[in-house]
Amino acid sequence: MSVSAAPLAFREYDDENDPLPGDEVARRYRTLIDHLPLVVYVDALDSVSSNIFTSPQIEPLLGYSVEEWKTDTDLFTRLLHEEDRERVLASHAQTHETHEPLSIEYRLIARDGRIVWLRDEGVIVLDDHGQPLYLQGYLLDITREREAELQLRQQALYDTLTGLANRAFFHERLRHAIKLRHEEGEATGLLYVDLDDFKGINDRWGHDLGDEVLREIGRRIEQSVRPGDTAARLGGDEFAVVLTEPLTPEQAVGVAERLLKEIGKPLESGSGPLYTSASIGIAFGDHDETLLKEADIAMYRAKAHPDLGYAFFDPELDRAALDRSKRIGELREGIARGEFRLDYQAVVDLGRSSITGYEALVRWEHPTAGELPPGEFIPLAEETGLIVGLGEWVLTEACTEATRLCQLHGRPMHMSVNVSARQLHHPDFLRHVTRAIDASALMPSLLTLELTESTLLSSDERVAETLRAIKELGVVLALDDFGTGYASLSYLRQFPIDVVKIDRSFTAHVGTKDGDLVLLKGIIDLGHALELNLVAEGIETSEQHTIVRKLGCQQAQGFYFGRPSHPAQRDLDASIGGI
Ligand code: C2E
Ligand code: MG
Ligand code: MG
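The notes below deal with the structure included here. (Residues numbered from 1 in each chain as written. Chains lettered and ligands numbered in written order. Predicted model: local features only at pLDDT ≥ 70, side-chain atom pairs only at ≥ 80, totals over all residues. Heavy atoms only, no water.)

**Observations regarding the site of ligand 1**
As a matter of local geometry, ligand 1 sits amid 22 residues, with Glu359, Asn418, Asp480, Glu540 and Phe559 nearest to it. At a separation of 2.9 Å, an oxygen atom of ligand 1 approaches a polar side-chain atom of Glu359. In this structure, Glu540 approaches ligand 1 through a side-chain N or O atom, which is 2.5 Å from a nitrogen atom. Of the pockets mapped on this structure, ligand 1 occupies the largest pocket. (Near = heavy atom within 4 Å. Polar contact = N/O pair within 3.5 Å; in protein donor to acceptor, adjacent residues only side chain to side chain. 1 Å grid on protein atoms, 1.4 Å probe; cavity = no way out; pocket = protein on both sides within 12 Å on 5 of 7 lines; lining within 4 Å. Sits in = over half its atoms within 2 Å of the grid points.)

Dropping the structure here:
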């Protein structure tokens, strides 16, 4: 702490120089000191700045008595706000050393936990010979000023109604994001959100409710964006979101869809639920004004197709988004209408040259586009979660067909079913499997679930638990497309896998490329060492067939043995090509 007025109250009275008796001076000044709206202090210049005097105003200010300041030499350092401590102690040390005045602002934590902002002005008092005596000063409470400053700053940067960034701050954040992205050679994404018919809400329900709606929408927008992104209110019913992290257009659509879903949830008002909707314009670029203009234009386009709710500035992306949205709608309807069917591809035993079972492969009989392969709709079904229902249907249908095949051939027939990540992670997956087995009365050991490495990629302990439970039923687990993922071997250790399906990319060129042959041999040898059952995928020629058989692969699948086909068509076609 520290000041400059003569320390009369603490000096020995000097008969010759002092015009008044010492006691009188002490009394007068003491009264003054006691009534100043600040704390006066005197500290010794020893290593711990021992406190010699503190005026009583300190107690209401910080909750510690004058006595405590005197006796507890460490109190000041302890009460210093962590962020200020180093700076304040360094300043004090400098004043002790150089005898320069002290002038500093910092925070102390009061006994009740309040943060008190103080201005500390102090001087070193010298004796007649220029020798330093002590540090004398005052502490002024500036908490209110600081809070007012903070409030001003808050008002300058944030929207008072919603607490979101205001237009000025939004521009600052946008420019910052653009600069960061630009350095990485990436464009920044901007979402421009405009409520639909907000004027109607104001007119019908009044401005108070209108404000309430804006506050609630602001809160929902803020909660829907990721931590680094900036949500702002640009004015009226217009909001914006700066996507700070680089996003693909698909991911930006994901954000837009999430926002629209949140905004569309009913709002509670005194007279029942109130529904709002919004239109979102999406633009990518690296210039703030242009971005804003383009997102705004896109937003107006979004208003023109309210079923989608969002639009890109770039018409190409817009078309892709429209197609995607249309496809999702069709997929949902297609599932409800049962537009899917399964084809089955034979799996053959290379030793006995006989069919041991089939793999079920789903197809969509699209009403206008014709038959679609899984590659064209599984990713979308996966993204939207529609795969869970579709996958359950596939499981039941495939198990039923397996039972039929067993009866038809009079011997066990295995059935392999592909399972996607979303299905596997679904809390009811185990139930879906048991339901399919029960409904079809299939022996669980005749069902194989095919999981790819990417399916297992984000599997946690819960998924491992589900897989163990499925294994306990007697169901077989296969790792599909082996070798195309990242951590094939670790999965074999981590999960109870019995079968490995070697991806087509390893068998495709074995007849022509020596390197591929070595690789395939390595995989097969490894499989043998781990006592796994191996299935070679994508066998198209007799040469490939001979090679995988010679290398000791137990089973194979591919066009050479048969293309995936519909049961009715296959039942007629008794002979299998190649074997
Ligand atoms: P997959 O499980 O690896 O299935 C094998 C794919 O390879 C099938 O393609 C099959 O038609 C094709 N194929 C089989 N033999 C040959 C061959 O000799 N040469 C060539 N070039 N291709 C061959 P499809 O039916 O288009 O299925 C692609 C993928 O879609 C499947 O790969 C599987 O991952 C996924 N899938 C199929 N049905 C389902 C399903 O019901 N659920 C899930 N989640 N995914 C499925
Ligand atoms: Mg498969
Ligand atoms: Mg495969």
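**A short note on the pairing of strand 4 (residues 115-126)**
In this structure, strand 3 (residues 102-109) lies alongside strand 4, joined through eight bridges in antiparallel fashion. Bridge pairing links Leu108 to Val116 in strand 4. Counted between consecutive antiparallel strands, the loop separating strand 3 from strand 4 contains five residues, among which Gly113 sits at a positive phi close to 90 degrees. When strand 4 meets strand 5 (residues 132-141), the two strands line up antiparallel, connected through nine bridges. Within the sheet, the bridge partner assigned to Ile124 lies in strand 5 and is Leu135. (Pairing = 2+ DSSP bridges. Helix = DSSP H or I, 4+ residues; strand = E, 2+ residues; numbered from the N terminus.)

**Looking at the coordination of the magnesium ion (ligand 3)**
Coordination of the magnesium ion (ligand 3) by the protein involves Asp480 (OD), Asp481 (OD), Glu537 (OE) and Glu537 (OE), with metal-donor separations of 2.0 to 2.7 Å. Here the donor residues for the magnesium ion (ligand 3) map to a single chain with the spacing D-D-x55-E. Taken as a pair, the magnesium ion (ligand 3) and the magnesium ion (ligand 2) lie 4.0 Å from each other and share Asp480 as a ligand. With Asp480 in strand 18 (residues 476-482) and Glu537 in the loop between strand 20 (533-536) and helix 22 (542-550), the pair connects residues that are 57 residues apart, well separated along the chain. A residue is classified by how much of its surface remains accessible, and Asp480, at 5% relative accessible area, is buried. (Donors = N, O, S within 2.8 Å, 3.2 Å for Na, K, Ca; no water. Buried < 20%, exposed > 50% of the residue type's maximum accessible area, 1.4 Å probe, protein only.)

**Quick notes on the packing of aromatic side chains**
Under the counting rule described, the total for this entry stands at nine aromatic pairs. On the numbers, 6.0 Å between centres and 40 degrees between planes, the contact of Tyr491 with Phe495 is tilted. With respect to class, Tyr491 is no different from Phe495; both count as buried. Among the aromatic residues, those joined into a cluster by ring pairs are Phe340, Trp364 and Phe377. (Phe/Tyr/Trp six-rings, centres within 6.5 Å; stacked < 30°, edge-to-face > 60°.)

**Section: the pairing of strand 7 (residues 230-235)**
Residues in a regular strand project their side chains so that they alternate between the two faces of the sheet. Of all six residues making up strand 7, five are buried, and the element is well covered by its neighbours. Hairpin remark: strand 7 followed by strand 8 (residues 238-243), antiparallel, with two residues in the connecting loop; positive phi at Gly236, about 50 degrees.

**Digging into the coordination of the magnesium ion (ligand 2)**
Within the protein, Glu359 (OE), Asn418 (OD1), Glu450 (OE) and Asp480 (OD) serve as the donor atoms for the magnesium ion (ligand 2), at 1.9 to 2.2 Å. Expressed as a motif, the donor residue spacing for the magnesium ion (ligand 2) is E-x58-N-x31-E-x29-D. Look at Glu450 and you get buried, because its relative accessible area is 1%.

**Observations regarding unusual backbone geometry**
Of note in the backbone geometry, His99 takes a positive phi value of approximately 65 degrees without being a glycine. Mapped onto the elements, His99 comes out in the loop between helix 5 (82-98) and strand 3. For His99, a relative accessible area of 35% puts it in the partly exposed group. With phi around 50 degrees, Asp197 is a residue other than glycine that occupies positive phi space. With respect to the helices and strands, the residue Asp197 is situated in the loop between strand 6 (188-195) and helix 8 (198-205).

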